[in-house]
Amino acid sequence: MMKLVPRYTDIADNFAIEDQPSSVATPQLLLWNASLAKQFNIDIEPQLRASTFAGNEPQQIKAVALGYSGHQFGHFSPRLGDGRAHLLGAISDDKNQLWDIQLKGSGATPYSRGGDGRCALGPAIREYIMSEAMHGLGIKTTRCLAVVGTGEAVYRNPPQPGAIVTRLASSHIRVGSFQYLATQGDTEGLKKLADTAIERHYPEINTTGPERYIAFLDAVIKSQLDLIISWMRVGFIHGVMNTDNTLVSGETIDYGPCAMMNVFDFDTVFSSIDKQGRYAFGNQPNIASWNCARLAESLIALINDDDEQAVNLMTPIISQFSTLFNEQYNQMWAQKLGLAGQNEDDVELVSKLLLLFQEHKLDYTNTFDALTESLNGDELPEELTQWANAWQKRCDENSYNVMRAANPRAIPRNHIVEEILAQYNQHGESELLSDFLTVMSNPYDKTPNLTRFQEAGLNDPRYQTFCGT
Ligand code: AMP
Ligand code: MG
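The following refers to the structure shown. Just so we're clear, the structure is a prediction, and the values are computed from it rather than from any experiment. (Residues numbered from 1 in each chain as written. Chains lettered and ligands numbered in written order. Predicted model: local features only at pLDDT ≥ 70, side-chain atom pairs only at ≥ 80, totals over all residues. Heavy atoms only, no water.)

1. Side note on the overall build of the protein
Thought 1: Each helix and strand counted, the protein has 14 helices and twelve strands in total.
Thought 2: For the protein, the spread of C-alpha atoms along the principal axes amounts to about 65 × 60 × 40 Å.
Thought 3: Looking at the protein as a whole, 59% of its 469 residues are labelled buried.
Thought 4: Here the analysis covers contacts within the protein between residues at least 6 apart in sequence; of these, 71% occur between residues at least 24 apart.
Thought 5: Of the accessible surface of the protein, which amounts to about 19900 Å², a share of 48% is contributed by carbon and sulfur atoms.
Thought 6: Here the protein carries 37 positive and 57 negative side-chain charges, and the mean point of each set is 3 Å from the other. (Helix = DSSP H or I, 4+ residues; strand = E, 2+ residues; numbered from the N terminus. Buried < 20%, exposed > 50% of the residue type's maximum accessible area, 1.4 Å probe, protein only. Contact = heavy atoms within 4.5 Å. Areas by Shrake-Rupley, 256 points an atom, 1.4 Å probe, with all protein chains shown as cover. Lys, Arg positive; Asp, Glu negative; His and termini not counted. Charge placed at Lys NZ, Arg CZ, Asp CG, Glu CD.)

2. Some thoughts on the site of ligand 1
Thought 1: By nearness alone, 17 residues border ligand 1, and G81, G83, D116, G117 and D254 come closest of all.
Thought 2: Taking G81, its main chain carries an N or O atom lying 2.7 Å from an oxygen atom of ligand 1.
Thought 3: Here ligand 1 loses 87% of its free accessible area of 480 Å² to cover by the protein chains.
Thought 4: When the residues that make up the shell around ligand 1 are grouped by side-chain class, the tally is two nonpolar, eight polar and seven charged. (Near = heavy atom within 4 Å. Polar contact = N/O pair within 3.5 Å; in protein donor to acceptor, adjacent residues only side chain to side chain. Nonpolar A, V, L, I, M, F, W, Y, C, P; charged D, E, K, R; others polar.)

3. Observations concerning the coordination of the magnesium ion (ligand 2)
Thought 1: Distances from the magnesium ion (ligand 2) to its protein donors, namely N245 (OD1) and D254 (OD), fall within the range 1.9 to 2.2 Å. Take N245 and D254: they sit in the same class, and that class is buried. (Donors = N, O, S within 2.8 Å, 3.2 Å for Na, K, Ca; no water.)

4. So, the pairing of strand 10 (residues 160-169)
Thought 1: Counted residue by residue, strand 10 has eight buried out of ten residues, so it is predominantly covered.
Thought 2: Two strands pair when backbone bridges link them, and strand 7 (residues 98-104) and strand 10 are joined in this way by five bridges, in the antiparallel orientation. When the sheet's bridge partners are listed, Q102 is paired in strand 10 with R167.
Thought 3: As judged from the two bridges shared by strand 8 (residues 119-120) and strand 10, these two strands associate in the antiparallel manner. When the bridges of strand 10 are listed, C119 appears paired with A163.
Thought 4: Of the strand pairs in this sheet, strand 9 (residues 143-154) and strand 10 are connected by eight bridges, and their pairing is antiparallel. Paired with C144 across the strands is R167, a residue of strand 10.
Thought 5: Two successive antiparallel strands, strand 9 and strand 10, enclose a turn made up of five residues. (Pairing = 2+ DSSP bridges.)

Here it is, written out as structure tokens:
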């Protein structure tokens, strides 16, 4: 069985509310992450996996639903919380790190606000395959252990088969978790939550008092920066970067309306609900910074009794975001292009390249792959030959390896993900899945079935993603 450690019950009375998953009709195991199960020493017998991860074995667990707030598309909701998820507790991995284990789609909770607490099959599969792909790409992310079909319909328009995802995260502490306690004026709870987050994610912080929480803010900002840079390196668009979907650990969470950019364009948006382009590809750093500012606001009571003084202390920490971002962003391009050392003309070299990308509608992933392999003697894309004269002078004998590590050969292409979801919806399985997962577990290497997953697909302007409700 799993050894579960209780989580978050000591933070505040209304922070982790005891609540059990509601059982489902006929649980069927659709996806099982064997390597993750091994890493976490989860040795549940195969015939018990479906019912356990459907929440049909309530005697085994003492689940909770967590409260959190959230700025959703800029608008604040004080009480969101786990409306369709149950946190079972924490389990230990092979390095003795504790990870939260959560069922998503496991029935209504005190936070459901009239929702059914359920999840449709498509979004459940999307969450599994996207988080596996992101993990393969070397990007910090929550993981999925299992997807279980419920044997029940969820009433969406049109009705769809239901499913439950088992999600693992180093924690489920969100910016919105801090907002939740701050909004209630619960300074004691806030302190406990911050200390828990520090202990778990930033144990190197060993100061006390206000400095401790300023160092925490600083550490969260730096992990958010790393995360956004890694998203931009591979062309990932999260699509719903609300403060409730921002983990202070710096892991990617919630794969609802996410998508991958094909043709390079900073303004790329796929989510049907993002009418203003708030979460467009190129706007992600601004939003991450904005979300960190919301965290800072929530921490005020831990910094100083006087709000103004607290804000003065935190402002320099928040404002370093743009400077640090620019530094790391330039480094990211330098790696994607294998540039040796630093040169003052590099910024111009990159912007000229990006203009060519836009002018010729070049696929982001495949073109960087082609540039990388051009150092190995492959032909360059015609549109770039002239630009490449200046670029090649900036390369040296290490460039190929640096570029290969920064530029994936495969990404989870939108059209492939959609094909897998369609196959699951039609047949309850997908013949594409296993090759996809194998390629995505090694996306920087030449794997046997790679080419099938490299096709850019149509850059269909009508391609839209929908929030996974
Ligand atoms: P998400 O879009 O998954 O990040 O969810 C945003 C908020 O809506 C969270 O508080 C969810 O728990 C809640 N929510 C989403 N779908 C449902 C549902 N089917 N039933 C209840 N709550 C939901
Ligand atoms: Mg969410």
